[in-house]
Amino acid sequence: DTGVSQNPRHKITKRGQNVTFRCDPISEHNRLYWYRQTLGQGPEFLTYFQNEAQLEKSRLLSDRFSAERPKGSFSTLEIQRTEQGDSAMYLCASSFDVTEAFFGQGTRLTVV
Amino acid sequence: GESVGLHLPTLSVQEGDNSIINCAYSNSASDYFIWYKQESGKGPQFIIDIRSNMDKRQGQRVTVLLNKTVKHLSLQIAATQPGDSAVYFCAERSSNYQLIWGAGTKLIIKP
């Protein structure tokens, strides 16, 4: 499978714990995006990388959220001190420059 | 501000009929629009795109129409099949190359 891969698919965590998600984009894609999606809504932009540089962050990305793409390939999204409001599907997408973005299957986070 | 929205939250269509899903956008400067299909528990899947210098684009069983005068976008699916059941999102590309998404239209196929 050469599509966008996200791990884990599901994560249940207790409030206050830290969680980290991983995204492996399509190999030749230089752009990588993180989105958050809640039930019945469209994805909300969180941040994106061009190669290893994080070029834009949404105001939705509070100081508890951090994303990295250290070698310009895979990316991680960490949420510290999780809150119940963080429960959502976290989607990763990749593209080559400004062409269409391809999405992974997402990581569903449940904070209890 | 920039926003993209959909006219109907749910659309029920008889199997074999054509489906039309509508979308309104507010940023007249947007230059690129995409339709995505999202099945339950999966990430959005690219269907078709259109640039602002076009008013129609066809794919396999799908057609996207863009009316810039009224800032309206539609997705037509011909001969709707059970596998077309999903939530459909339109998205517009803003000036900073982010995608702005609407809330989605759920397409239900009646047998």
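One can find the structure itself at the top, above this paragraph.
Notes on the structure follow. This one's a predicted model, so the numbers in the text were calculated from it and none came from an experiment. (Residues numbered from 1 in each chain as written. Chains lettered and ligands numbered in written order. Predicted model: local features only at pLDDT ≥ 70, side-chain atom pairs only at ≥ 80, totals over all residues. Heavy atoms only, no water.)

### Focus on the nonpolar core
Soluble, globular proteins show a tendency: their nonpolar side chains are buried together. B:Trp35, B:Leu73, B:Leu75, B:Tyr88 and B:Leu107 are the most contacted members of the largest nonpolar core, which totals 20 residues. Those elements giving two or more residues to this core turn out to be strand S2 (10-14), strand S3 (19-25), strand S4 (32-38), strand S5 (45-51), strand S7 (62-67), strand S8 (72-77), strand S9 (86-93) and strand S11 (105-110) of chain B. By size, the runner-up hydrophobic cluster in this structure holds 19 residues, among which are A:Ile26, A:Trp34, A:Leu46 and A:Phe65. (Core = buried A, V, L, I, M, F, W, Y, C linked by side-chain atoms within 4.5 Å. Buried < 20%, exposed > 50% of the residue type's maximum accessible area, 1.4 Å probe, protein only. Helix = DSSP H or I, 4+ residues; strand = E, 2+ residues; numbered from the N terminus.)

### Observations concerning the pairing of S8(B)
All names here are of chain B. Bridging between S3 and S8 involves six bridges; their strand directions are antiparallel. Along S8, the bridge assignment pairs Ile 21 with Leu 75. In terms of strand pairing, S7 meets S8 through six bridges, oriented antiparallel. Paired with Val 64 across the two strands is Leu 75, which belongs to S8. Between S7 and S8, which follow one another and run antiparallel, lie four residues, and Lys 71 among them has a positive phi close to 55 degrees. (Pairing = 2+ DSSP bridges.)

### Observations concerning the interface of chain A and chain B
Interfaces are often described in size by the accessible area the parts lose on coming together. Taken together, the contacts link 19 residues of chain A with 19 residues of chain B. A buried area of about 1,500 Å², summed over both sides, lies between chain A and chain B, and 51% of it is on carbon and sulfur atoms. Three residues, A:Val98, A:Glu100 and A:Phe103, lead the burial of chain A against chain B; their summed loss comes to 29% of the area buried on that side. Remark: the boundary between chain A and chain B carries zero salt bridges. Across the chain A-chain B interface, the total number found is four residue pairs in polar contact (both at pLDDT 80 or more). Looking at the side of chain A that touches chain B, the elements with two or more residues in it are strand S4 (31-37) and strand S9 (88-95) of chain A. Looking at side-chain class alone, the side of chain A that touches chain B contains eight nonpolar, seven polar and four charged residues. (Contact = heavy atoms within 4.5 Å. Buried area = accessible area lost by both parts, 1.4 Å probe. Salt bridge = Lys/Arg side-chain N within 4 Å of Asp/Glu carboxyl O. Polar contact = N/O pair within 3.5 Å; in protein donor to acceptor, adjacent residues only side chain to side chain. Nonpolar A, V, L, I, M, F, W, Y, C, P; charged D, E, K, R; others polar.)

### A closer look at the side chain of B:Ser19
All names here are of chain B. Position of Ser 19 relative to the elements: it lies in strand S3. Taking the relative accessible area as the measure of exposure, Ser 19 reaches 1% and is therefore buried. Side chain to side chain, Ser 19 and Thr 80 meet in a polar contact 2.7 Å long. If we ignore the near neighbours within four places in the chain, the residues touching Ser 19 are Leu 11, Val 13, Leu 75, Gln 76, Ile 77, Thr 80 and Leu 107.

### Topic: the state of the cysteines
All names here are of chain A. One pass over the full model with this rule turns up two disulfides over all chains. The residue that forms a disulfide with Cys 23 is Cys 92, at a sulfur-sulfur distance of 1.9 Å. In this structure, the disulfide formed by Cys 23 and Cys 92 twists by about -70 degrees around the S-S bond and is classed as left-handed. A residue pair is termed long-range when its members are at least 10 positions apart, and Cys 23 in strand S3 (residues 19-24) and Cys 92 in strand S9 qualify at 69 residues. Judged on exposure class, the residue Cys 23 and its partner Cys 92 are both buried. (Disulfide = S-S within 2.5 Å.)

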